[in-house]
Amino acid sequence: MTSKPLSIHDLAAMKRQGEKIACLTAYDASFSALIDNAGIDAMLVGDSLGMVFQGRTSTLAVSLDDMIYHTRCVTAVRRRAFVIADMPFLTYPDPLGAAVNAAKLIQAGAQMVKLEGARFEVVRFLVDQGIPVCGHLGLQPQSINRLGGYKVQGIEPADADKIIADAQKLQEAGAGLLVLECVPAKLADEISSQLVIPVIGIGAGVDCDGQVLVLYDMLDIGVGKRPRFSKNFMQPPVAIAQALGNYLIAVKERRFPTVDHSF
Ligand code: KIV
């Protein structure tokens, strides 16, 4: 295994070559090392840490300082996996404010920041400053109070069309990666085929260019209920390292997600 971290260009090459990208969330050094050793391609320091690490009911209370701290923990021991860090709620209200905050995550060791929604101007400005950006469409947990719950998005044709248009505009604005959360598998397939940049799905079917899961859900150690689109990789009972390896292989061989984990 190489000791040089993968770059966004390596992930883009994987898409071109038809190799699925396996990603998991990570929040601390010990799991970061286990995930890295398992050969998982990318780690997301997700603001889902607000729920699985801090025990909150949403991601909204996560602060930039929390994200900087967890990004430092994860990148301290990472050798190969590409690391993305979430920009938490209200830390990207305008391009300049976003750049100042994103810079702190990059300085903590992240190679890319992720932000939710159709924030084309912010994305373009960050990319112009040399900060790689991952978009996040479909279910956007930071908008949970506006959405009224954790629901599948893009079911109505007009909503699906908007997600497709936003995905294209994010790519045009310079996003290097896109996360699609909780959308019908057919819609995610269409977007993944249309975009040049890799599309990483969570609850978005098997035809995305890669998959991401919340680590604590797939290891079945979360405090909340595991979402339908996730899977307990600790069953049948295995060691954590084995569960991570099984996830990697299942993603690479398109055996996860199945229709049972898709919408
Ligand atoms: O915060 C997170 O873990 C995420 C994933 C659900 C994609 O954004």
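Remember, it's a predicted structure, so these values are computed and weren't measured experimentally.

Trainee: What should I look at first to understand a negative patch on the surface in this one?
Mentor: A cluster of acidic side chains, namely Glu156, Asp159, Asp161 and Glu190, defines a negative patch on the protein surface. On the secondary structure map, aspartate 161 appears in helix α8 (residues 157–173). The class for aspartate 161 is exposed, based on a relative accessible area of 51%.

Trainee: Got a minute to help me understand the packing of aromatic side chains in this structure?
Mentor: The geometry of an aromatic ring pair is captured by two quantities: the separation of the ring centres and the angle between the planes. By the definition in use, this model includes five aromatic pairs. A ring pair is formed by phenylalanine 31 and tyrosine 216, whose centres lie 6.0 Å apart and whose planes are at 55°; its orientation type is tilted. Of this pair, phenylalanine 31 sits in helix α2 (residues 29–38) while tyrosine 216 sits in helix α10 (residues 215–218); the two residues are 185 residues apart in sequence, bridging distant segments of the chain. Exposure remark for phenylalanine 31: the relative accessible area of 13% places this residue in the buried category.

Trainee: Is there a simple way to explain the packing of helix α4 (residues 64–77) against helix α5 (residues 95–107) in this structure?
Mentor: At a closest axis distance of 8 Å, the pairing of α4 and α5 adopts a crossing angle of 25°. Taken together, the axes of α4 and α5 are roughly parallel relative to one another. Where α4 crosses over α5, the two elements pack in a sense that is right-handed. Contacts from Leu64, Met67, Ile68 and Thr71 in α4 reach Asn101, Lys104 and Leu105 in α5.

Criteria and thresholds
- Residues numbered from 1 in each chain as written.
- Predicted model: local features only at pLDDT ≥ 70, side-chain atom pairs only at ≥ 80, totals over all residues.
- Heavy atoms only, no water.
- Patch = residues over 30% accessible without salt bridge, like charges linked within 9 Å, V, L, I, M, F, W, Y side chains within 5 Å.
- Areas by Shrake-Rupley, 256 points an atom, 1.4 Å probe, with all protein chains shown as cover.
- Salt bridge = Lys/Arg side-chain N within 4 Å of Asp/Glu carboxyl O.
- Lys, Arg positive; Asp, Glu negative; His and termini not counted.
- Charge placed at Lys NZ, Arg CZ, Asp CG, Glu CD.
- Helix = DSSP H or I, 4+ residues; strand = E, 2+ residues; numbered from the N terminus.
- Buried < 20%, exposed > 50% of the residue type's maximum accessible area, 1.4 Å probe, protein only.
- Phe/Tyr/Trp six-rings, centres within 6.5 Å; stacked < 30°, edge-to-face > 60°.
- Axes fitted to C-alpha atoms, helices over the stretch in contact; angles between N-to-C directions.
- Parallel < 35°, antiparallel > 145°, perpendicular 65-115°, else oblique.
- Left-handed = near helix turned anticlockwise from the far one by under 90°.
- Contact = heavy atoms within 4.5 Å.

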